[in-house]
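Structural overview
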Amino acid sequence: MDWLERAASLRHWSRDGVRAPHKPLLLLYALARFQADTEGELRYTAVEADLKQLLAEYGPAHGTTPAYPFHHLASDEVWEVRTDRGVGSPGTGVRELRASGAAGRLAPDLRAALRREPSLLGRMARVLLDLHFPPSLHQDLCEAVGLELELAETDALASPAQRRRDRRMREMVLTTYEYQCAFCGYDGMIDTAPVGLEAAHVRWWAYDGPDDVDNGLCLCSLHHKLFDKGVLGIGDGHRILVSQRFVGRSPAAREHVTALAGRPLIGPQPGIRPIAETHRSWHTGQVFRGFPRPGTT
């Protein structure tokens, strides 16, 4: 059985280019949870809110219930559902799924294949991401479902001794900064979901940066990229640094980048720890490029 082909050919309703990423989102979520716990199952009542949020942020404009993919994904033989009565889903009714104690997990043959060949998990995730979502959303999606894609593409499953990403990091950081960019104040939403806002690590995860609020910043997509490229940094007094090596002649570049020099960060909420000095110093020494421009405030 070719699991990559199976992932690439999930059956879903489609007509005239209508998007239906419900099953891919659930399968990505299930792969991420398997990566963290190969023995666990996903009880519908425990994951319903997570799946609902994923559909709201990455699904089609018209709303839908997470009960739909939870029930129907089993028809693709990559997923199984059990209830208090045994194997088999009670249907797409939310009340029935809740009342019956419905729980889902990857199909037994797929779980066995992933244990034999751990890198299969990463390849399946790539197929789902590439076929159903643009590259600009891949990292956000992985963070949203809690998937360590780089780890998944190696030949080793996560072990208890390995560091695990905290999939709550994004929500904790965005809440701490009240859903606005700490550099510019951007706070865009679409319906009830933030859009263009990301949780940035100050000290990168790859260099022992923890998934802690005092190592995080809520940044818009532009300023997150510039922060990670060393154009922007954080100086004494939690004021914004702008590299002298940055060149931008347009009014937009001056307004959105150069003019930030010397401004204080926006947030976090009162009573919450600001960025830890050790993480801020690491970013200044290892990422920020050159010398900062003189502050304008």
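It should be noted that the structure appears before, not after, this text.
This write-up is about the structure you can find in this document.

What counts, and where the lines are drawn
- Residues numbered from 1 in each chain as written.
- Predicted model: local features only at pLDDT ≥ 70, side-chain atom pairs only at ≥ 80, totals over all residues.
- Heavy atoms only, no water.
- Helix = DSSP H or I, 4+ residues; strand = E, 2+ residues; numbered from the N terminus.
- Rg over C-alpha atoms; globule rule 2.2 N^0.38 Å.
- Buried < 20%, exposed > 50% of the residue type's maximum accessible area, 1.4 Å probe, protein only.
- Contact = heavy atoms within 4.5 Å.
- Areas by Shrake-Rupley, 256 points an atom, 1.4 Å probe, with all protein chains shown as cover.
- Lys, Arg positive; Asp, Glu negative; His and termini not counted.
- Charge placed at Lys NZ, Arg CZ, Asp CG, Glu CD.
- Salt bridge = Lys/Arg side-chain N within 4 Å of Asp/Glu carboxyl O.
- Polar contact = N/O pair within 3.5 Å; in protein donor to acceptor, adjacent residues only side chain to side chain.
- Core = buried A, V, L, I, M, F, W, Y, C linked by side-chain atoms within 4.5 Å.

This part covers the overall build of the protein chain. If you tally the helices and strands in the protein chain, you get 13 helices and 10 strands. For the protein chain, the C-alpha radius of gyration of 21 Å lies close to 19 Å, the compact-globule estimate for 297 residues. Its C-alpha atoms put the protein chain at 65 × 40 × 40 Å along the principal axes. Going through the 297 residues of the protein chain one by one, you find that 45% of them count as buried. Across the protein chain, contacts joining residues at least 24 apart in sequence account for 69% of those joining residues at least 6 apart. When the accessible area of the protein chain is evaluated, it comes to approximately 15000 Å², of which 51% is carbon and sulfur surface. Of note, the protein chain has its 36 positive side-chain charges centred 2 Å away from the centre of its 37 negative side-chain charges.

Moving on, we come to the pattern of salt bridges. Close approach of charged atoms lets side chains of opposite charge pair. Scanning the model with the defined rule gives 13 salt bridges in all. Residue Lys23 pairs with Asp76 through a salt bridge whose shortest N-O separation is 2.7 Å. Here Lys23 is found in helix α2 (residues 22-36), whereas its partner Asp76 is found in the loop between α4 (67-72) and β2 (79-83), with 53 residues between them in sequence. In this structure Lys23 comes out as buried when scored by relative accessible area, which is 5%. By relative accessible area, which is 3% here, Asp76 ends up buried. In this structure, a network of salt bridges that share partners links the residues Glu80, Arg82, Arg105 and Arg111.

So, on to the side chain of Arg170. If you trace the backbone, Arg170 turns up in helix α10 (residues 169-176). At a separation of 3.4 Å, a polar atom in the side chain of Arg170 contacts the side chain of Glu57. If near-sequence neighbours (up to four positions away) are discounted, Arg170 is found in contact with Glu57, Pro194, Leu197 and Ala199.

Below, the discussion takes up the nonpolar core. Ranked by size, the top nonpolar core spans 45 residues in total, and within it Leu27, Phe70, Trp79 and Leu147 carry the most contacts. Residue contributions to this core peak at 9 residues, all from α2. Leave out the neighbours within four places in its chain, and Leu27 touches Leu10, Leu73, Val78, Leu106, Met124 and Leu128.

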